[in-house]
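# Overview (structure and organization)
Spelled out from the first residue to the last, the chains are:
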Amino acid sequence: MAAFAERMAPVLALWLAVCLSGALAVERANFKTCDQSAFCKRQRALNPGESPYRALLETMELTNTRLTLQLKNDKNKVRLLLELYRLQGNITRVKINELKPLKPRYEVPDVLIREPPTEPLSLLSQDKNGVVLSLGAESQRVIVSAQPFRLDIMEGRDVLLSLNSRGLLAFEHLRLRKDTEPDQEPEDADLHDEAVLNDKVEDGMWEETFKSFTDTKPNGPTAIGLDFSLPGVEHVYGIPEHADNLRLKTTDNGDPYRLYNLDVFQYELDNPMALYGSVPVMLAHNIQRTTGIFWLNAAETWVDISSNTAGKTVFGKMLDYVQGSSETPQTDVHWFSESGIIDVFIMLGPTPKDVFSQYASLTGTQAFPPLAALAYHQCRWNYNDQEDVASVDAGFDEHDIPYDFIWLDIEHTDGKRYFTWDTNKFPTPKEMLQRLMDKKRKMVTIVDPHIKVESSYKIHNEIKSRGFYTKNKDGADYEGWCWPGSAGYPDFTREDMRAWWASMFAYDQYEGTMENLYTWNDMNEPSIFNGPEITMHKDSKHGEWEHRDLHNLYGFYVQRATAEGLIQRSGGVERSFVLTRAFFAGSQRYGAVWTGDNAAEWGHLKMSIPMCLSIGLVGISFCGADVGGFFKSPSSELLVRWYQTGAYQPFFRAHAHLDTPRREPWLFGPENTALIREAVRQRYSLLPYWYQQFYHTYLTGHPVMRPLWVEYPQDPATYALDDEFLIGRDLLVHPVTEEGATGVTAYLPGKEEVWFDVHTFQKHDGGQNLYIPVTMSSIPVFQRGGSIIPRKLRVRRSSTCMEQDPYTVYVALGRQRAAEGELYIDDGHTFNFEKKEFIHRRLSFANNNLSSVNLAPKAHFSTSSIIERIVILGCSKPTKATLKTADGQRSQLEFDFEASTSVLTLRKPGVNAGTDWSVMLQ
């Protein structure tokens, strides 16, 4: 072991040198291109229109809930089994596996929240060319064409989506290697590719070398691929994580988009390279419809996107009546993964919100975070010691800037041994946490999944003695090199390992912790400095499975085990908050994500918007980017603009690299301190609205931060916008992301809508591009006419301090002089809301009457908060305003009216926020 550590010391030294050097960009040579990935290269080499697969209609079996059908590859005689399900909620599931594999192939567990419930399938017609099945509603049906195999989902005369229309279905079956087989020819030729029998083995099929790393492939080539065609579609979105535009680009002239969780140092922008997280979900949108494709596979995956024209591909004879116009746009998508099976969910919308709900029905909704987690977080690598923490904490009070969480990075531990404290720097962590608790503030510490291999380290000894480490290909514990030096990597795919890990967060196990300490999982791709592509060898083992089969799930499991630990330590009472860097489909159930190691550059500020929008489209609403940029040092202008942007993104945290100068908000001069303070205060005043939006996404799966096209799906002007966004339905934000900007042009959607500047209350018509002059204090934000948004304007040192503070209700009247909104209140941190302990009220304005009515009459909760003020935008001056309370009492309210802006302010209604009340204007 000592020899290994000595040998690897230069690796760590080199890694640190690179990290501390402020290098300009990612070292691309560390990461594969498609040409350097054998299976990617093979899949891309397939020729469209030459599918060897045909459907054997005589093998079809149709039950009430499932169709099965064999597919035969006429080149190698191998048979596959196709399963087709109609699922509840307008979803179609297609699974393709080998009919008789030599051994089981990996099928992704734990991501789906349950086995999806099915609905009946019925046969409409059948002949020698194919079958037609009914999908139920609205004349939807699926057509299976026999030769070549093709599957079309239709509605009326429209093709919504086609599978294998370009003939790129490929399924590399498990086989015996030629030099390991007996001399005689195998009895079952269906299990053996003719190319293998003739000793024609392509490079990379059984072994592959990248740089100095050799990947042994004991199971041989196992890649799968399938193409999808989307007639009438020009805009596709999703498949995060990539530092690229919201609208996905075609990949014909470059690499495909790659989904493979990697520790990419200072990533480049406008690039399809893989990053820290992977969600294999794509949304396709046009004026008529939104559809979604969920490719449930956790292996390395690539996605090619090309534009085509519907009608160029040959439709089967059964589709001859469909008129394919050469003018109709079409997007073709080719998915391919290194191993596993084809398991794809086709979410048929038809609206964007239908697709969000459909996906949520499969993988769950965003965990409902504690209210404080939606406030401001202060972090850097690293706050030096307890005195440093106390000094920073005091600095926020001295400069009157609120914050809720202060974070500690890896240097707080005893030699990078997680679940420990450096006793010299943090000798009394409970005292530190108690001082924060006294101010109603909290802390986050980092707990990474690389465990220092050292016999005196309790965590390592426990994992090793229980056999919980991931194994190398030879069966020994896998070891790699990371921050602590030689490290082991727990096998989080094991349920018993996750249960043990969760138990380590108990207060009597993780010494020095209290209920106001939460957790950050970093480096969980997993990051391994001396591994291929800075991650784990693919031939490492998780029980019977290779790491290649499940790589993209590792971070998902780490966050899951951590979140479960934080919940268990409270006896299941308290909600958790866990931030993760690596993620997969379903990660939304366990906490928040951030966009990783960005840089203090204007381009990275601007890119934070489409990156979080893309992540939100696939279920993970709790997303943010390091405010100020992790690497390098921001100018004061960039830092201010980043705070102004981050204050309107779901996860709001400042973070910085160890090697950067300190950048607490008050270190850039009084003027910039004031600008940052105002941005943070705007966040805190809007916390009731943020919390309501997260409650809504917890219920529905609809994204909190959303592209404009989600709310205006029939407006093509919104389809490619990614420099502005909506929070919920009612707030539109166009941050200033250009250096030296004196103005921005914001698109205000909805020709029948009006929008109110939240700062000046000026009214603007929708359906226009609006030029907005800006100064350094400007954050262009607009409230939609027809909406009601509650705020808390008494901003205090933390969100918890504001719990019982009064509300100001902002009513923005639409063209019909009406408006609606909601108010949601609970205790902000426990699961008691699941026991109906909350307040949920509907706020409505119509016919000059503003009312608050109970949306959840079976729920019970009390609050001391009152309605302190009502501000009505776009109003005319009344002669009087009469308040009616729940007990029938009536009183006259004092009011002010500003004629130049048509703003009416009603003063001191004083009614309890949880009761019925109304105000009539006359």
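The structure under discussion appears in the preceding block.
Quick look at the structure, then. Keep in mind the model is a prediction, meaning the values are calculated, not measured.

Reading guide: rules and limits
Residues numbered from 1 in each chain as written. Predicted model: local features only at pLDDT ≥ 70, side-chain atom pairs only at ≥ 80, totals over all residues. Heavy atoms only, no water. Helix = DSSP H or I, 4+ residues; strand = E, 2+ residues; numbered from the N terminus. Rg over C-alpha atoms; globule rule 2.2 N^0.38 Å. Contact = heavy atoms within 4.5 Å. Areas by Shrake-Rupley, 256 points an atom, 1.4 Å probe, with all protein chains shown as cover. Lys, Arg positive; Asp, Glu negative; His and termini not counted. Charge placed at Lys NZ, Arg CZ, Asp CG, Glu CD. Core = buried A, V, L, I, M, F, W, Y, C linked by side-chain atoms within 4.5 Å. Buried < 20%, exposed > 50% of the residue type's maximum accessible area, 1.4 Å probe, protein only. Disulfide = S-S within 2.5 Å. Salt bridge = Lys/Arg side-chain N within 4 Å of Asp/Glu carboxyl O. Pairing = 2+ DSSP bridges. Axes fitted to C-alpha atoms, helices over the stretch in contact; angles between N-to-C directions. Expected span 1.5 Å × (residues − 1). 1 Å grid on protein atoms, 1.4 Å probe; cavity = no way out; pocket = protein on both sides within 12 Å on 5 of 7 lines; lining within 4 Å. Points joined across faces, edges and corners; volume = space filled by probe spheres on them. Nonpolar A, V, L, I, M, F, W, Y, C, P; charged D, E, K, R; others polar. Parallel < 35°, antiparallel > 145°, perpendicular 65-115°, else oblique.

Summing up its helical and strand segments, the protein chain has 15 helices and 52 strands in all. A compact globule built from 922 residues should have a C-alpha radius of gyration of about 29 Å, and the protein chain, at 29 Å, falls within 12% of that. The long-range share in the protein chain, meaning contacts at least 24 apart out of those at least 6 apart in sequence, stands at 72%. Split by element, the accessible area of the protein chain, about 33,000 Å² in all, is 48% carbon and sulfur. Taking the average place of the 96 positive charges on the side chains of the protein chain and the average place of its 120 negative ones, the gap between the two points comes to 4 Å.

Turning to the nonpolar core, a few remarks are in order. Core analysis: the largest hydrophobic core is formed by 172 residues, its most contacted members being F294, W501, L553, F577 and Y643. Looking at this core, the element that brings in the most residues is helix 11 (residues 602-617), giving nine residues. Counting residues in each nonpolar core, the second largest holds 50 residues, with L160, L169, M282 and L348 among its members.

Take the state of the cysteines next. Scanning the model with the defined rule gives two disulfides in all. Note on cysteine connectivity: C34 is disulfide-linked to C40, with sulfurs 2.0 Å apart. Between C34 and C40, the S-S torsion sits near -100°, and that sign places the bridge as left-handed. On the basis of relative accessible area, C34 is assigned to the buried category, the value being 2%. Bridging C612 to C623, the disulfide has an S-S length of 2.2 Å. Because the torsion about its S-S bond is -75°, the bridge between C612 and C623 counts as left-handed. Taken together, the residues span a long stretch of sequence, with C612 in helix 11 and C623 in strand 32 (residues 623-624) at a distance of 11 residues. Look at C612 and you get buried, because its relative accessible area is 2%. Once the bonded cysteines of the protein chain are numbered in order along the sequence, the disulfide links fall as 1-2, 3-4.

What follows deals with the pattern of salt bridges. Using the criterion set out here, one finds 60 salt bridges in the structure. In this structure, R66 engages E83 in a salt bridge whose closest nitrogen and oxygen atoms are separated by 2.8 Å. Placement of R66 in strand 2 (residues 66-73) and of E83 in strand 3 (residues 79-87) is noted, with a sequence separation of 17 residues between them. Overall, the relative accessible area of 32% leaves R66 in the partly exposed class.

In spatial order, the strands read 49-48-52-46-45-44-42-43-47-51-50; together these 11 strands make up an open sheet with mixed pairing. Of all the strands in the sheet, just strand 49 (890-892) and strand 50 (894-898) have a single pairing partner and so form its edges. Looking at each pair of strands side by side, their axes are set apart by 20° on average, direction ignored.

Moving on: helix 14 (residues 687-700). Helix length check: helix 14 (14 residues) gives 20 Å between terminal C-alpha atoms against 20 Å at 1.5 Å per residue, within 8%. Just past helix 14, the residue G701 takes up positive phi, approximately 85°.

With that settled, consider empty space enclosed by the protein. Where empty space is left in the structure can be found by rolling a water-sized probe over the atoms. Applying the stated criterion to the full structure yields seven cavities of 30 Å³ or more. Of the volumes computed, that of the largest cavity is approximately 200 Å³. Taken together, 20 residues form the lining of the largest cavity, with W381, W483, M523, D597 and F630 sitting closest to its centre. Each pocket or cavity is described by its volume, and for the second largest cavity that value is around 140 Å³. Lining of the second largest cavity is provided by 14 residues; of these, K32, F213, D215, P532 and K538 occupy positions nearest its centre. Taken together, the elements giving at least two residues each to the lining of the second largest cavity come down to strand 11 (207-210) and strand 12 (213-216). At three residues, strand 12 tops the list of elements feeding residues into the lining of the second largest cavity. Its residues assigned to classes, the lining of the second largest cavity comprises five nonpolar, three polar and six charged.

For the rest of this paragraph, the subject is the packing of helix 11 against helix 12 (residues 636-646). Running from amino to carboxyl end, helix 11 crosses helix 12 at an angle of 5°, the nearest separation of the two axes being 10 Å. As judged from the angle between their axes, helix 11 and helix 12 are roughly parallel. Contacts between helix 11 and helix 12 pair W602, H604, L605, S608 and I609 from the former with E637, L638, R641, W642 and T645 from the latter. A per-class count over the contact of helix 11 with helix 12 returns five nonpolar, three polar and two charged.

Taken as a whole, the second largest pocket holds about 620 Å³ of empty space. Taken together, 31 residues form the lining of the second largest pocket, with T800, E803, D827, G828 and H829 sitting closest to its centre. Counting residues per element, the ones that place at least two in the lining of the second largest pocket are helix 14 and strand 44 (819-825). Here the lining of the second largest pocket takes three residues from helix 14, the largest share from any one element.

For the rest of this paragraph, the subject is the side chain of D715. For D715, the location among the structural elements is in the loop between helix 15 (708-711) and strand 35 (725-727). There is no salt bridge for the buried D715, and the closest opposite charge comes from K751, which lies 7.2 Å off by N-O distance. Ignoring any residue separated from it by four or fewer positions in sequence, one finds D715 in contact with Y747 and P749.

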